[in-house]
Amino acid sequence: MTDHISVPLSELHDRRRFLARASALTLAIPGVGAALTACSPSAPPSHTDTAHGTPQAATGGAAQGVNQPHNSDSRLDSAVLKGGPHGHTSATGTATQGAQSTTFHRFAPELPPLAPGGLLRLHWHAREAPVRIADDTVVAAWTFEGDVPGPIVHTRVGDTVEFTLTNDAVIPHSMDFHAAQINPQVAFRSVAKGQSVTFRFTPKYAGAFMYHCGTAPVLMHIGSGMFGAIIVSPREPLPAAREFVLVQNEFYLADAANGTRASDYQKMLNTLPDFVSFNGRPSQYVKEPIHVKRGDRVRFWVVSAGPSHPCNFHVVGEQFDTVYLGAPPGTPLRGVQTFSVPPGGGMVFDLVCDVAGEFPFVNHGFGHGQKGAIGILIVE
Amino acid sequence: MTDHISVPLSELHDRRRFLARASALTLAIPGVGAALTACSPSAPPSHTDTAHGTPQAATGGAAQGVNQPHNSDSRLDSAVLKGGPHGHTSATGTATQGAQSTTFHRFAPELPPLAPGGLLRLHWHAREAPVRIADDTVVAAWTFEGDVPGPIVHTRVGDTVEFTLTNDAVIPHSMDFHAAQINPQVAFRSVAKGQSVTFRFTPKYAGAFMYHCGTAPVLMHIGSGMFGAIIVSPREPLPAAREFVLVQNEFYLADAANGTRASDYQKMLNTLPDFVSFNGRPSQYVKEPIHVKRGDRVRFWVVSAGPSHPCNFHVVGEQFDTVYLGAPPGTPLRGVQTFSVPPGGGMVFDLVCDVAGEFPFVNHGFGHGQKGAIGILIVE
Amino acid sequence: MTDHISVPLSELHDRRRFLARASALTLAIPGVGAALTACSPSAPPSHTDTAHGTPQAATGGAAQGVNQPHNSDSRLDSAVLKGGPHGHTSATGTATQGAQSTTFHRFAPELPPLAPGGLLRLHWHAREAPVRIADDTVVAAWTFEGDVPGPIVHTRVGDTVEFTLTNDAVIPHSMDFHAAQINPQVAFRSVAKGQSVTFRFTPKYAGAFMYHCGTAPVLMHIGSGMFGAIIVSPREPLPAAREFVLVQNEFYLADAANGTRASDYQKMLNTLPDFVSFNGRPSQYVKEPIHVKRGDRVRFWVVSAGPSHPCNFHVVGEQFDTVYLGAPPGTPLRGVQTFSVPPGGGMVFDLVCDVAGEFPFVNHGFGHGQKGAIGILIVE
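Residues numbered from 1 in each chain as written. Chains lettered and ligands numbered in written order. Predicted model: local features only at pLDDT ≥ 70, side-chain atom pairs only at ≥ 80, totals over all residues. Heavy atoms only, no water.

**A word on the overall build of chain A**
For chain A, the count of helices and strands is eight helices and 22 strands. Considering chain A as a whole, with its 380 residues, one finds that 68% of them fall into the buried category. Counted over contacts in chain A with a minimum sequence separation of 6, partners at least 24 positions apart contribute 72%. For chain A, the accessible area works out to roughly 11,400 Å², and carbon and sulfur atoms hold 54% of it. (Helix = DSSP H or I, 4+ residues; strand = E, 2+ residues; numbered from the N terminus. Buried < 20%, exposed > 50% of the residue type's maximum accessible area, 1.4 Å probe, protein only. Contact = heavy atoms within 4.5 Å. Areas by Shrake-Rupley, 256 points an atom, 1.4 Å probe, with all protein chains shown as cover.)

**Here's the deal with the layout of surface pockets**
The volume enclosed by the largest pocket comes to roughly 940 Å³. Lining the largest pocket we find 47 residues, and of these A:His309, A:Pro310, B:His309, B:Pro310 and C:His309 sit closest to its centre. For the lining of the largest pocket, the elements supplying multiple residues, two or more each, are strand S19 (338-341) of chain A, strand S19 (338-341) of chain B together with strand S19 (338-341) of chain C. The residue makeup of the lining of the largest pocket, split by class, is 21 nonpolar, 26 polar and no charged. (1 Å grid on protein atoms, 1.4 Å probe; cavity = no way out; pocket = protein on both sides within 12 Å on 5 of 7 lines; lining within 4 Å. Points joined across faces, edges and corners; volume = space filled by probe spheres on them. Nonpolar A, V, L, I, M, F, W, Y, C, P; charged D, E, K, R; others polar.)

**Remarks on the relation of the copies chain C and chain A**
Least-squares fitting of chain C to chain A yields an RMSD of 0.0 Å, with the transformation described by 0.0 Å of translation along the axis and a rotation of 120°. What the superposition gives is, in effect, a three-fold axis relating one chain to the other. Among all residues of chain C, the one whose C-alpha sits closest to the rotation axis is C:Thr331, at a distance of 4.4 Å. (Least-squares fit on C-alpha atoms with pLDDT ≥ 70 in both.)

**Some words on the pattern of salt bridges**
All names here are of chain B. Under the defined criterion, the tally for this structure stands at 39 salt bridges over all chains. Where Asp321 meets Arg297, a salt bridge forms, and the shortest distance between an N and an O atom there is 3.1 Å. Linking Asp321 in strand S17 (residues 320-324) with Arg297 in strand S15 (residues 297-306), this pair joins segments that are 24 residues apart in sequence. Of the two residues examined, Asp321 and Arg297, each falls in the buried class. (Salt bridge = Lys/Arg side-chain N within 4 Å of Asp/Glu carboxyl O.)

**Some words on the pairing of strand S16 (residues 311-315) of chain A**
Residues in a regular strand point their side chains to alternate faces of the sheet. Residues and elements named next belong to chain A. With respect to burial, S16 is a largely interior element, five of its five residues being buried. Burial along S16 is two-sided: the residues Cys311, Phe313 and Val315 and Asn312 and His314 are all buried. One ladder, built from four bridges, connects S16 with S19; its direction is antiparallel. Counted as the bridge partner of Phe313 is Phe339 from S19. Pairing of S16 with strand S21 (residues 357-363) involves three bridges; the strand directions are antiparallel. Bridging from a neighbouring strand, Phe313 pairs with Asn363 of S21. (Pairing = 2+ DSSP bridges.)

**Some thoughts on the interface of chain C and chain A**
The parts lose accessible area when they come together, and the size of an interface is often stated as this lost area. Opposite the 47 residues of chain C that make contact, chain A presents 46 residues. Here chain C packs against chain A, burying approximately 3,600 Å² in sum over the two surfaces, 58% of which is carbon and sulfur. Three residues stand out in chain C for area buried against chain A, namely C:Gln319, C:Gln337 and C:Glu358, and they jointly supply 19% of the buried area on that side. Linking chain C with chain A are one salt bridge. A:Lys204 is the salt-bridge partner of C:Asp354, the closest N and O atoms lying 3.9 Å from each other. For the interface between chain C and chain A, the tally reads 21 residue pairs in polar contact (both at pLDDT 80 or more). (Buried area = accessible area lost by both parts, 1.4 Å probe. Polar contact = N/O pair within 3.5 Å; in protein donor to acceptor, adjacent residues only side chain to side chain.)

**As for the sheet that holds S19(C)**
Residues and elements named next belong to chain C. The strand order across the open sheet built from five strands is S14-S22-S21-S16-S19, with neighbouring strands paired in mixed fashion. In this open sheet, the two strands that pair with only one neighbour each are strand S14 (290-292) and S19. Put simply, the sheet's adjacent strands are angled 20° from each other on average, direction ignored. (Axes fitted to C-alpha atoms, helices over the stretch in contact; angles between N-to-C directions.)

**Section: the interface of chain B and chain A**
With 46 residues of chain B at the contact, the number on the chain A side is 47 residues. Both faces considered, chain B and chain A share a buried interface measuring about 3,600 Å² in area, 58% of it formed by carbon and sulfur atoms. Where chain B meets chain A, there are 20 residue pairs in polar contact (both at pLDDT 80 or more). Every element with two or more residues in the side of chain B that touches chain A is listed here: helix H1 (9-28), helix H4 (184-187), strand S9 (207-212), helix H5 (218-223), helix H6 (265-270) and strand S20 (345-352) of chain B.

**Some thoughts on the sheet that holds strand S3 (residues 119-134) of chain B**
The strand order across the open sheet built from five strands is S8-S6-S3-S4-S12 (chain B), with neighbouring strands paired in mixed fashion. Both edges of this open sheet fall to strand S8 (196-201) and strand S12 (261-262) of chain B, since each of them pairs with a single strand only.

**A word on the nonpolar core**
Within soluble globular proteins, side chains that are nonpolar tend to cluster in buried spots. Core analysis: the largest hydrophobic core is formed by 288 residues, its most contacted members being A:Phe300, A:Phe313, B:Phe300, B:Phe313, C:Phe300 and C:Phe313. When neighbours within four sequence positions are excluded, A:Phe300 is seen to be in contact with A:Phe244, A:Leu246, A:Ile290, A:Phe313, A:Val315, A:Met347, A:Val348, A:Phe349, A:Leu351, A:Phe361 and A:Leu377. (Core = buried A, V, L, I, M, F, W, Y, C linked by side-chain atoms within 4.5 Å.)

**Some points on unusual backbone geometry**
Note: most peptide bonds trans; most residues except glycine with negative phi. Between A:Pro328 and the following residue, A:Pro329, the backbone shows a cis peptide bond with an omega angle of 10°. Tracing the backbone through its elements, the reader meets A:Pro329 in the loop between strand S17 (320-324) and strand S18 (332-336). The backbone phi angle of A:Asn258 is positive, close to 55°, even though this residue is not glycine. Here A:Asn258 lies in the loop between strand S11 (242-251) and strand S12 (261-262). Here the phi dihedral of C:Thr271 falls at roughly 60°; this positive angle occurs in a residue that is not glycine. Tracing the backbone through its elements, the reader meets C:Thr271 in the loop between helix H6 (265-270) and strand S13 (275-278). The class for C:Thr271 is buried, based on a relative accessible area of 11%.

**Some details on the packing of aromatic side chains**
Each aromatic ring pair is specified by the distance between its two centres and by the angle formed by the two planes. All names here are of chain A. Counting across every chain of the model gives 63 aromatic pairs over all chains. Between the aromatic rings of Phe188 and Phe199, the centroid separation amounts to 5.6 Å while the plane-to-plane angle is 65°, which identifies the pairing as edge-to-face. Of this pair, Phe188 sits in the loop between helix H4 (184-187) and strand S8 (196-201) while Phe199 sits in strand S8, placing them eleven residues apart in sequence. You can call Phe188 buried: its relative accessible area is 6%. (Phe/Tyr/Trp six-rings, centres within 6.5 Å; stacked < 30°, edge-to-face > 60°.)

**Focus: the pairing of S13(C)**
All names here are of chain C. What you see with S13 is no split at all: Phe275 and Ser277 on one side and Val276 and Phe278 on the other are buried throughout. As judged from the four bridges shared by strand S11 (residues 242-251) and S13, these two strands associate in the antiparallel manner. Following the sheet pairing, Gln248 is matched in S13 by Phe278.

**Regarding the relation of the copies chain B and chain A**
You can overlay chain B on chain A at an RMSD of 0.0 Å; the transform is a turn of 120° with a shift of 0.0 Å along its axis. Counting the interface residues of chain B, we find that no more than 4% of their copies in chain A are interface residues as well, pointing to two distinct contact surfaces.

**Here we look at the environment of B:Arg156**
Residues and elements named next belong to chain B. Positionally, Arg156 belongs in strand S5 (residues 153-156). For Arg156 and Leu114, which are 42 residues apart along the polypeptide, the C-alpha to C-alpha distance reads 7.5 Å. Residue contacts for Arg156: discarding those within four places in its chain leaves Leu114, Pro203, Val232, Ser233, Pro234 and Arg235.

**Some points on the state of the cysteines**
Residue and element names in this part refer to chain C. Throughout the structure, instances matching the rule amount to zero disulfides over all chains. Cysteine Cys311 shares no disulfide, and the gap to the nearest cysteine sulfur, in Cys353, comes to 18 Å. For Cys311, a relative accessible area of 0% gives the class buried. (Disulfide = S-S within 2.5 Å.)

**Considerations on the environment of C:Ala169**
Mapped onto the fold, C:Ala169 is located in the loop between strand S6 (160-167) and strand S7 (176-177). Separated by 25 residues in the primary sequence, C:Ala169 and C:Gly194 have C-alpha atoms spaced 7.9 Å apart.

**Some details on the side chain of B:Asn279**
All names here are of chain B. If you trace the backbone, Asn279 turns up in the loop between strand S13 (275-278) and helix H7 (284-287). Here Tyr285 takes part through its side chain, which lies 2.9 Å from a polar atom of the side chain of Asn279. If sequence neighbours within four positions are ignored, Asn279 has contacts with Phe107, Pro109, Val148, Pro149, Val245, Leu246, Val247, Gln284 and Tyr285.

**What about the confidence of the model for chain A?**
Predicted coordinates in regions of low pLDDT should not be interpreted in detail. Across chain A, the average pLDDT comes to 82, with 77% of residues at 70 or higher. Here residues 1-81 of chain A scores under 50 on pLDDT; set against residues more than four positions off or in separate chains, the count is 155 contacts. (pLDDT = per-residue confidence, 0-100.)

**Quick look at the environment of B:Val153**
All names here are of chain B. By secondary structure assignment, the location of Val153 is in strand S5. Val153 sits in the buried class, given a relative accessible area of 3%. Residues Val153 and Ala115 lie 38 residues apart in sequence; the distance between their C-alpha atoms is 9.8 Å. Excluding anything up to four places from it in sequence, Val153 contacts Leu120, Leu122, Trp124, Phe177, Tyr211, Ala229, Ile230 and Ile231.

Following this line, the structure appears as structure tokens:
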């Protein structure tokens, strides 16, 4: 069922050695140095011990020596990793191809139905792709299935998810589901271009969970678009509701080049985003709101993908009937105006739409929220 | 009772169109561009479709075209919106008039008594005014009733608040009470100079709720001083206590000009404040502490107005007997040293003063707290 | 037993006067000015009213006048407080002596056993010392007992801690235990070089509490290394577990000089850290992981020392069986992926290790977490 039994122990030990040594080097070169280190190329795409972590190496050199990591998870090709004036970016592989013809589409926020039979089989591809996040902005994204965020996954406590990731990208990628209790060293391991990894898990807890690429540097992989939500419903259904999924993320973008803006690792480290969005497009639900009926209970499954900031979730003109900080239906909070979903976390927000009108939902940390983490809920 | 029945639907639709188009433009011009866009002037102070969102327009031009928002909520007059080296600021209208003669006063933190009869009628004015936040600092503020924060409102679950806002300022303003469940499109709509809006609401949940001007860009209106607290007591009284209200906010200020420092939108977007305060004056309760008696239960109703940062509330030398994350008395936490109140949120903190002494209360996120979010509670 | 009875009331009143006046001055000079003010020298090491708060004074002058604080808590010697191009730093006294010969050691994360007999007597020294936080990085630290963080303290609800601090450093220091309910004006007061303070307390609540130097400016003292964890177990034991203590902190460092990097107050005010670590060494538990057995319950007592950022605690491949936001065992959350521990706060995270493997634990706010707040838990 899973292929993780066949992973040689030597690779696992190498990985820990890498992490230890990468860590040491990162300490030596803070700031952009960390990016150079972590995104450094490893010339032969194999599990050898050769590695190149110096800034020189990043431009094609092959220096080796003490403190240069063997990065079996981030075997980047210096030919595709662009180090410009803004440092290293996501403009790799096919991330900028066809940008001009990429069309905008609204990301559907509706919670999809459960798969029948208790087994959800998913086979996704990691790939670089331009994604239009606004009429005039295309980002050079690293994606699951070509979009940012990746597809919404919906399963249930006790059901099974069988997941396969095939990597079509030039850079190694991986998948980390926060809904899984599993050995990440095996299931969440990075796979090189053309390779696949498969694993199964059975969620134990209900909730709004994040998934993301866990390949080092994780900041760069989340920040470049590789994240999404897996919603786990409890076996005892929650009160009937119109259910929506909102994944907040930040974009840190280099200046436009060839019609696209690449994600910029140095800006990510500086933690001041250019845009903040729900479901990958700033203000998309202002332009095309979410519609419900008066009397509906509305449930927002909110995930903060970050990579760095919380979502201080609030609905203007409404109050949350219930917020679940942990696995629903446990420990409900009642009568809440705003609650903070931490980066890498998820919470569930219920409200009862007794009043008709137009209700903006926002990140009430407005220094960030003003950059696009806003939408409108129309109660008809 | 309210005047919201008479609002023409066309205006409501215009508002959504505006938001959609403003959003698109904001995406095109990040950073200071967003400020220019959102604060852009709309030459005729009327509900027409003409609008001017380019930087050129902000200096007096009248360019029109695609992607320029019809901002029915932020009809700014370019004659009063100052775009200096720091970008756009709050130095509008009467915000700087009489600054030198403006005196410092301590903001009384005591929770005011409930209004008799179950009905609280408020008629407030939005106005620009200089506010002295320290002996040597006067800010050019946008205010409710001339002060920062606005007055503390105290009501009770099931009672009624009838609120009227009259706008005396040159820029449109509005009122958003987090304690209300109401159609914000109508009740919280922006009103132009000389106009008023009235609405009624009946709080459903107890708690420490924020109120603020909700006119776009909300970041600028909160950041310039238009916020405060509405405290909703439960109908079943909480344990008897000495009750105080603390509203944390950040100040983002341009350099002094004409004896005042204006709020600076670009600094707000950069999220690094100059001062952080409880009730609008950095360290005011260090200079003039809050006094209680040994044996008192003390209740702090804490609101984080932001606009961007949480309040990590802590009392040195004490521990919270109870913290209510949601509507009190639900879901109490016991034995807490520090809890984070999200921006746009509020929580309730009880402590029992068994020990006499001087107890500083702080935002324990000291990078911000050190900038003035500190006071002293004296237990006699 | 304690010496606080003998503190003259005049000193206490002076302290409040100081705070009030220091506060006023801090308002006048934001940014580095605040550092200059708060770290300003007070020439005679005595309780007189002479004080020197201007930038000139910091380089040896003796200006006096209105708005210059009497800082009985921060009587710094201008001969040792270095104001370089980066502003004021921790490179005082013996903080840089012997840096080259300082060796790296892993900080043991295991919760130490309880002291027998219900009384824990501690006599610690505050002192400046170089601390090697990585193979190539030595920081000029202000410490409790020579290390960053200070020693882990373990006590129990109802037991007694008798604590003495002797100050060996040139700058005044103090101790603030978040687990104590006590008059901080007396127990947590600053002591000058060569002096001591002793106090007793009996923790009322269980939890993971922070301790730190509370001498003004607190941001500088926490940011320079004076913090740690005091773990208070409940009298009714929690479920048996392997128990570990993780204290997250940020480092804000000036460029290397004489083989050390000093903590930089201006960088602290800018809130963008160079490193973020668990137990004072970035990524130390990646290099030397924490080991447990399959089937173990693992309990992390997590403290966010800050000084400014939360710890969004997450274990890759696992989910928390229980998170205690307040005093355990009260108000448990079940089934949590990530929860945010506020700066100055602490929470308790339980997980049940049903699966063998290597589980990274991280601050999932990766803009900060990527800077070293990562470790590995190996389940054998």
